[in-house]
Amino acid sequence: MNNIVGIINSTIEECSYKKIKELLELINYKPKKNKLFLKPNLVTDEPGESGVITHPKVIESICDYFLDLGYDNIVIGEGSAFFYKPHHWEYILKSCNYEYLKKRSEIKILNLEEKNIDREIYHWKYGKLKLPKIINTHEYINIPTMKTHYQTQVSLGCKNQKGLLLLKDKKMFHKKNLNDYILELNKILKPDLTIMDAIYCIEGNGPAKNPMSHSLELNLLLASTNTIALDNACCEIMGFDIEKIPYIPKVKFQSKGVAIEKVKTNFKHPTWITYFDNIGRYMAEKACSGCQIAHSQMMRKINFTEELNKKLDNLKNRYQNIYLIYGENPDLSEIPLVDDIKIMCLGNCVKKFAKKNNFPWISGCPPDYHKMIAFLLEEVME
Ligand code: SF4
């Protein structure tokens, strides 16, 4: 492992096995194992052009490059935080346009949340973790996308490894200390190669789409055998001070290919509260993506249902601001207190806070989004 980071320009149309070859030759990468495991980011049901997920064309180009080298056994695997049940998984593959990859005989796609995935125990600072065996038996290629994140500021190569965890451990990471847990995870997990899909990216209140996050077209691909060096290079491109990101150690790296100065872009930095008109979604530091996705599902359902949308408008008109709070120990001082305010708490993690402050609360981990809709719109329901 060395600290060289390769950077090339590529639009999505140009992205092909030739571009991957050009990128990997820059860092002189030579795979050591004869089977391949690719770990993209498939966190939610968005198309590749959103920047939220790893674009399927990038994955296809990587597959084509390795097939050309003689590989005939390629496994793509992801453990999505919310879309873990079999029908959810099929839905996410369809929404993210990954279904066509499944039709290729040399490629297998695995839902890492399935019970039959072989896992082995890793010992780490916080005890034991069960991680998929495939990251050892296969050449492990980590393929994140370049995004901001409202809790960790950025979501890059180090953070993408969290998708290998069991769902219960993903939640535990958030509940304990997300930054330190990701830092420690990256001490025991070293991908053989990390390829960053920075063709489409997310700025603002990432990592998902919302009114305060935006897709950016950067048209870059980066690669390194050192994930931390790669994340350092990405932070420099995005305009984030690496010293302020607790889970990515600052390291010296050498970039090859496109000069970083030429592609530096000041990404909008994330904030704790995301506003949907006058409704603020406040995800406390320890909230996990389960509640984040449940919130998105609730808002999407309301937006696409005329009757519910009207009710939401009625509710919005009654208050200057409405805040929906998720996650353990939220900090009330983060909320701009106005006279005409309504605060509602959602999910098991925020129960104590809700009871203490006498705010309305709904249970669930995460709460069912249909019940969340009824809870939110209760006072304007007939
Ligand atoms: S209640 Fe929500 S934030 Fe808390 S662990 Fe469950 S899904 Fe995550």
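Keep in mind that what you see is a predicted model, and the values were worked out from it rather than measured.

Participant: Before we move on, can you summarise the domain arrangement of the protein with the specific residues and values?
Facilitator: When the domains of the protein are assigned, the result is domain 1 (4-263) and domain 2 (273-380). Here the C-alpha centroids of domain 1 and domain 2 sit 30 Å apart. Each side of the interface is counted separately: domain 1 has 18 residues, and domain 2 has 21 residues. Where domain 1 abuts domain 2, roughly 1,800 Å² becomes buried across the two surfaces, and 55% of that area is made up of carbon and sulfur atoms. Residue Asp45 pairs with Arg300 through a salt bridge whose shortest N-O separation is 2.9 Å. Taken together, the links from domain 1 to domain 2 amount to 10 residue pairs in polar contact (both at pLDDT 80 or more). When residues of the side of domain 1 that touches domain 2 are assigned to their parent elements, the largest contribution, 4 residues, is made by helix H7 (residues 167-176). Among the residues making up the side of domain 1 that touches domain 2, the classes are represented as 10 nonpolar, 4 polar and 4 charged.

Participant: Give a description of helix H2 (residues 56-68) that names residues and reports values.
Facilitator: Look at H2: 18 Å from first C-alpha to last across 13 residues, which is about the 18 Å you get at 1.5 Å a residue. The complete set of buried residues in H2 reads Pro56, Val58, Ile59, Glu60, Ser61, Ile62, Cys63, Tyr65, Phe66 and Leu67. Just beyond H2, the residue with positive phi is Gly70, at close to 110°.

Participant: Report on the site of the ligand, specifying residues and quantitative values.
Facilitator: The immediate surroundings of the ligand are formed by Lys175, Ala287, Cys288, Gly290, Cys291, Gly347, Asn348, Cys349, Gly364, Cys365 and Pro366. Spatially, the ligand is embedded in the largest cavity. Looking at the shell around the ligand residue by residue, the class counts come to 6 nonpolar, 4 polar and 1 charged.

Participant: Tell me about empty space enclosed by the protein, residues and numbers included.
Facilitator: As enumerated under the stated definition, the model contains 3 cavities of 30 Å³ or more in all. The computed volume of the largest cavity comes to approximately 120 Å³. Along the wall of the largest cavity there are 15 residues; nearest its centre are Lys175, Cys288, Cys291, Cys349 and Cys365. Going through the elements one at a time, H7 and helix H11 (289-303) are the ones with two or more residues in the lining of the largest cavity. Three or more residues apiece are contributed to the lining of the largest cavity by two domains, here domain 1 (4-263) and domain 2 (273-380).

Participant: How would you sum up the sheet that holds strand S16 (residues 341-346)? Please name residues and give values.
Facilitator: Here we have 5 strands laid out as an open sheet, ordered S13-S14-S15-S16-S17, and mixed in their pairing. Both outer strands of the open sheet, strand S13 (273-276) and strand S17 (361-362), are each paired with one neighbouring strand and no more. Across 4 bridges, the pairing between S13 and strand S14 (residues 279-283) is antiparallel. Across the sheet, residue Tyr275 finds its bridge partner in S14, namely Gly280. Along the sheet, helix H14 (residues 369-377) makes contact with strand S15 (321-326), S16 and S17, crossing S16 at roughly 155°.

Participant: I'd like a rundown of the packing of H11 against H14, residues and numbers included.
Facilitator: Axis separation between H11 and H14 bottoms out at 9 Å; the angle between their running directions is 65°. With respect to H14, the axis of H11 lies roughly perpendicular. For the crossing formed where H11 meets H14, the hand is right-handed. On H14, the residues touching Ala294, His295, Gln297, Met298, Lys301 and Ile302 of H11 are Tyr369, Met372, Ile373, Leu376 and Leu377. Tallied by class, the residues present in the contact of H11 with H14 amount to 8 nonpolar, 2 polar and 1 charged.

Participant: Give me the packing of aromatic side chains: which residues, what numbers.
Facilitator: Following the criterion strictly, the structure yields 11 aromatic pairs and no others. Aromatic side chains Tyr29 and Phe66 sit 6.4 Å apart centroid to centroid with 75° between the ring planes, which places their arrangement in the edge-to-face category. With a gap of 37 residues between them, Tyr29 in the loop between helix H1 (17-26) and strand S2 (36-40) and Phe66 in helix H2 connect regions that are remote in the sequence. Assigned by exposure class, Tyr29 and Phe66 land together as buried. For the ring pair Phe66 and Tyr71, a centre distance of 5.3 Å and an interplane angle of 90° mean the geometry is edge-to-face. By the burial criterion, Phe66 is buried, and Tyr71 matches it. Aromatic rings pair up to connect Tyr29, Tyr65, Phe66 and Tyr71 into one cluster. Here the guanidinium or amino end of Arg281 rests over the ring plane of Tyr150, the centre of that ring lying 5.1 Å away.

Rules and cut-offs
- Residues numbered from 1 in each chain as written.
- Predicted model: local features only at pLDDT ≥ 70, side-chain atom pairs only at ≥ 80, totals over all residues.
- Heavy atoms only, no water.
- Domains from an automatic or database assignment.
- Contact = heavy atoms within 4.5 Å.
- Buried area = accessible area lost by both parts, 1.4 Å probe.
- Salt bridge = Lys/Arg side-chain N within 4 Å of Asp/Glu carboxyl O.
- Polar contact = N/O pair within 3.5 Å; in protein donor to acceptor, adjacent residues only side chain to side chain.
- Helix = DSSP H or I, 4+ residues; strand = E, 2+ residues; numbered from the N terminus.
- Nonpolar A, V, L, I, M, F, W, Y, C, P; charged D, E, K, R; others polar.
- Expected span 1.5 Å × (residues − 1).
- Buried < 20%, exposed > 50% of the residue type's maximum accessible area, 1.4 Å probe, protein only.
- Near = heavy atom within 4 Å.
- 1 Å grid on protein atoms, 1.4 Å probe; cavity = no way out; pocket = protein on both sides within 12 Å on 5 of 7 lines; lining within 4 Å.
- Sits in = over half its atoms within 2 Å of the grid points.
- Points joined across faces, edges and corners; volume = space filled by probe spheres on them.
- Pairing = 2+ DSSP bridges.
- Axes fitted to C-alpha atoms, helices over the stretch in contact; angles between N-to-C directions.
- Parallel < 35°, antiparallel > 145°, perpendicular 65-115°, else oblique.
- Left-handed = near helix turned anticlockwise from the far one by under 90°.
- Phe/Tyr/Trp six-rings, centres within 6.5 Å; stacked < 30°, edge-to-face > 60°.
- Lys NZ or Arg CZ within 6 Å of the ring centre and 35° of its normal.

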